[in-house]
Amino acid sequence: RKLIKEGAQEINTILDIEDLFDALARAIFERLKYDRVTILEVDPTRSVLTLKAVYGEAPPSLRPGIYQQEINVGLIGNVARTGRTLLVNDASQEGGFLLGEDLNVRSELIVPIFVGNHVEAVINVERSYPNGFGDHDLWTLSSLANQAGTVIENAQLYRKVQTYSDKLERTVVARTQRLQAIKKISQV
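Remember, predicted model here, so these are calculated numbers, not experimental data. (Residues numbered from 1 in each chain as written. Predicted model: local features only at pLDDT ≥ 70, side-chain atom pairs only at ≥ 80, totals over all residues. Heavy atoms only, no water.)

A.B. asks: Quick question: what am I supposed to make of the pattern of salt bridges here?
C.D. replies: Side-chain pairing between opposite charges can occur once the charged atoms of the two side chains come close. Inspection of every chain in the model, using the stated rule, returns four salt bridges. Between Glu41 and Lys52 there is a salt bridge; the shortest N-O distance is 3.6 Å. Remark: Lys52 occurs in strand β2 (residues 48-56) and Glu41 occurs in strand β1 (residues 36-42); sequence separation between them is 11 residues. The exposure classification of Glu41 matches that of Lys52, with both residues buried. (Salt bridge = Lys/Arg side-chain N within 4 Å of Asp/Glu carboxyl O. Helix = DSSP H or I, 4+ residues; strand = E, 2+ residues; numbered from the N terminus. Buried < 20%, exposed > 50% of the residue type's maximum accessible area, 1.4 Å probe, protein only.)

A.B. asks: Help me understand unusual backbone geometry, please; the structure alone is not making it clear to me.
C.D. replies: A negative phi holds for most residues other than glycine; trans holds for most peptide bonds. One non-glycine residue, Lys33, lies in positive phi territory at about 60°. Counting through the fold element by element, Lys33 comes out in the loop between α2 (17-32) and β1. Located in the positive-phi region is Arg46, a residue other than glycine, with phi close to 65°. Turning to its location among the elements, Arg46 is positioned in the loop between β1 and β2. Given the relative accessible area of 33%, Arg46 is considered partly exposed.

A.B. asks: Hey, could you run me through the packing of aromatic side chains in this one?
C.D. replies: What characterises a pair of aromatic rings is the spacing of the ring centres plus the angle enclosed by the ring planes. Inspection of every chain in the model, using the stated rule, returns two aromatic pairs. On the basis of an interplanar angle of 35° and a centroid distance of 6.1 Å, the ring pair of Phe29 and Tyr55 is categorised as tilted. With Phe29 in helix α2 and Tyr55 in strand β2, the pair connects residues that are 26 residues apart, well separated along the chain. Take Phe29: its relative accessible area is 24%, and that puts it in the partly exposed class. (Phe/Tyr/Trp six-rings, centres within 6.5 Å; stacked < 30°, edge-to-face > 60°.)

A.B. asks: Could you clarify how one ought to interpret a nonpolar patch on the surface in this entry?
C.D. replies: A contiguous nonpolar patch, built from Tyr164, Leu168 and Val172 and spanning about 320 Å² of accessible area, is present on the exposed surface. Its location among the elements puts Tyr164 in helix α4 (residues 135-187). Look at Tyr164 and you get exposed, because its relative accessible area is 56%. (Patch = residues over 30% accessible without salt bridge, like charges linked within 9 Å, V, L, I, M, F, W, Y side chains within 5 Å. Areas by Shrake-Rupley, 256 points an atom, 1.4 Å probe, with all protein chains shown as cover.)

A.B. asks: I keep staring at the side chain of Thr50 and nothing clicks. Help me out?
C.D. replies: Checked against the element boundaries, Thr50 lands in strand β2. Engagement of the side chain of Thr50 in a polar contact is seen with the side chain of Gln68, the distance being 3.0 Å. Non-local contacts of Thr50, meaning those with residues more than four positions away in its chain, are made with Ile39, Leu40, Glu41, Gly65, Tyr67 and Gln68. (Polar contact = N/O pair within 3.5 Å; in protein donor to acceptor, adjacent residues only side chain to side chain. Contact = heavy atoms within 4.5 Å.)

A.B. asks: Honestly, the sheet that holds strand β6 (residues 118-127) in this entry has me stumped. Any pointers?
C.D. replies: Whenever strands of a sheet pair, they do so through backbone hydrogen bonds, lying parallel or antiparallel. A sheet is described by the order of its strands in space; here six strands give the open sequence β3-β2-β1-β6-β5-β4, paired in antiparallel fashion. In this open sheet, the two edge strands, each paired with only one partner strand, are β3 (68-70) and β4 (86-88). For this sheet, the mean angle separating the axes of adjacent strands, direction not counted, is 20°. The sheet contact formed by strand β5 (residues 107-115) and β6 spans nine bridges and is antiparallel. Note that in β6 the partner of Ser107 across the bridge is Arg127. Strands β1, β2, β5 and β6 of the sheet are contacted by α2, whose axis makes an angle of about 40° with β2. Those strands touched by helix α3 (residues 74-82) are β1, β2, β3, β4, β5 and β6, and its axis lies near 30° from that of β5. (Pairing = 2+ DSSP bridges. Axes fitted to C-alpha atoms, helices over the stretch in contact; angles between N-to-C directions.)

Below you can see the structure in the form of structure tokens.
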């Protein structure tokens, strides 16, 4: 519970979604000591996942903002599509695609981050030994994912309000300039 509280405090004030993903992945990696933590975001077309944060040992191909995979591929794609958490206790027995398959991943836990009723991103944690996750891990990551979903929704709302505010300000400036021009013409 302490981790949930600390993690929530760390991410609650973040208004930039990119910063949120990095802060969340870092907090999970540092506090829970998983071998690797990745967060992938679902793109607006709902067809591609983009890596947004990675902590722990990772191959050079796993670069945030660059690495992408189709949503219909692998275990992570399955969670992003279905919205159902997936716990794999022995990845050597699993036929699905794993991130960085060249690494010694034996346990994987993938949790969706929901905004409203759709998956916005997924948290993927890995361990190099079988049965690396239990109910506590599942509960903790699910709680953090719920908190992250709320923060993402708030950040999206903030962005909309900021955009509207900027548009309103430009409109006021344009109208003020017009009125000033009309006033100058009427004085002449």
